[in-house]
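So you can see what is in the structure, the chains are spelled out below.
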Amino acid sequence: MANPVDRDHIVEHLALDLDELYARLLGTQDSSELHSLRGRSARGKELFEKRLKLVRKTVCEKFNAQPSTVRNNIDLVALVVSALTGVPAVEGTPVIPFAVVLVKIGLDKICSKP
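Bear in mind the structure is a predicted one, so any value in this text is a computation, not a measurement.

S.K.: Can you break down the pattern of salt bridges residue by residue, with the values?
M.R.: Using the criterion set out here, one finds three salt bridges in the structure. Glu-20 is the partner of Arg-24 in a salt bridge, and the nearest nitrogen-oxygen pair spans 3.4 Å. Here the residue Arg-24 and the residue Glu-20 both occupy positions in helix α2 (residues 18–24), the gap between them amounting to four residues, near one helical turn. Glu-61 serves as the salt-bridge partner of Lys-57, at 4.0 Å between the closest nitrogen and oxygen. Taken together, the positions of Lys-57 and Glu-61, both in helix α4 (residues 37–65) and four residues apart, correspond to about one turn of that helix. Residue classification places Lys-57 among the exposed positions, given a relative accessible area of 62%. Connected through shared salt-bridge partners, Glu-12, Glu-20 and Arg-24 make up one network.

S.K.: Account for the nonpolar core, naming residues and giving values.
M.R.: Membership of the largest hydrophobic core comes to 34 residues, with the highest contact counts inside it found for Phe-48, Val-77, Leu-102 and Leu-107. Taken together, the elements giving at least two residues each to this core come down to α1 (4–14), α2, α4, α5 (73–84), α6 (95–105) and α7 (107–112). The greatest single-element share of this core, amounting to eight residues, is contributed by α5. If sequence neighbours within four positions are ignored, Phe-48 has contacts with Tyr-22, Leu-25, Phe-98, Val-101, Leu-102 and Ile-105.

S.K.: Quick rundown of the packing of α4 against α5? Include the residues and the values.
M.R.: In the contact formed by α4 and α5, the axes pass within 9 Å of each other and the chain directions differ by 130°. Here α5 runs oblique to α4, going by the angle between their axes. The two elements α4 and α5 cross, and the hand of that crossing is right-handed. In this structure, α4 uses Val-55, Thr-58, Val-59, Lys-62 and Phe-63 to contact α5, whose residues at the interface are Leu-76, Leu-79, Val-80, Ser-82, Ala-83 and Leu-84. Of the residues belonging to the contact of α4 with α5, the class tally is eight nonpolar, two polar and one charged.

Parameters and conventions
- Residues numbered from 1 in each chain as written.
- Predicted model: local features only at pLDDT ≥ 70, side-chain atom pairs only at ≥ 80, totals over all residues.
- Heavy atoms only, no water.
- Salt bridge = Lys/Arg side-chain N within 4 Å of Asp/Glu carboxyl O.
- Helix = DSSP H or I, 4+ residues; strand = E, 2+ residues; numbered from the N terminus.
- Buried < 20%, exposed > 50% of the residue type's maximum accessible area, 1.4 Å probe, protein only.
- Core = buried A, V, L, I, M, F, W, Y, C linked by side-chain atoms within 4.5 Å.
- Contact = heavy atoms within 4.5 Å.
- Axes fitted to C-alpha atoms, helices over the stretch in contact; angles between N-to-C directions.
- Parallel < 35°, antiparallel > 145°, perpendicular 65-115°, else oblique.
- Left-handed = near helix turned anticlockwise from the far one by under 90°.
- Nonpolar A, V, L, I, M, F, W, Y, C, P; charged D, E, K, R; others polar.

If you want it as structure tokens, here you go:
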């Protein structure tokens, strides 16, 4: 599902913990203002939660329509990235780290909430 370049980028992000992923959701201005990983992570988590409210329906529709054979994390991240590409609510937010956070939290869990 993911092309080879995206696949490497996805694998790189899947190796990170949630704090680092949340920090990567920030733009360079926010990152330079906040010197600690804890501060960047907290700000990134706030951003993630705001964006998730806006894109949950889009992501879950794509997730629920996907073939049951797509269950490895790389393909799930690629699926979410494709669902988010061009969505105004995440404009300016790096979509691969955002998608990896969704997959690490669990798409089943996220999509089971109303």
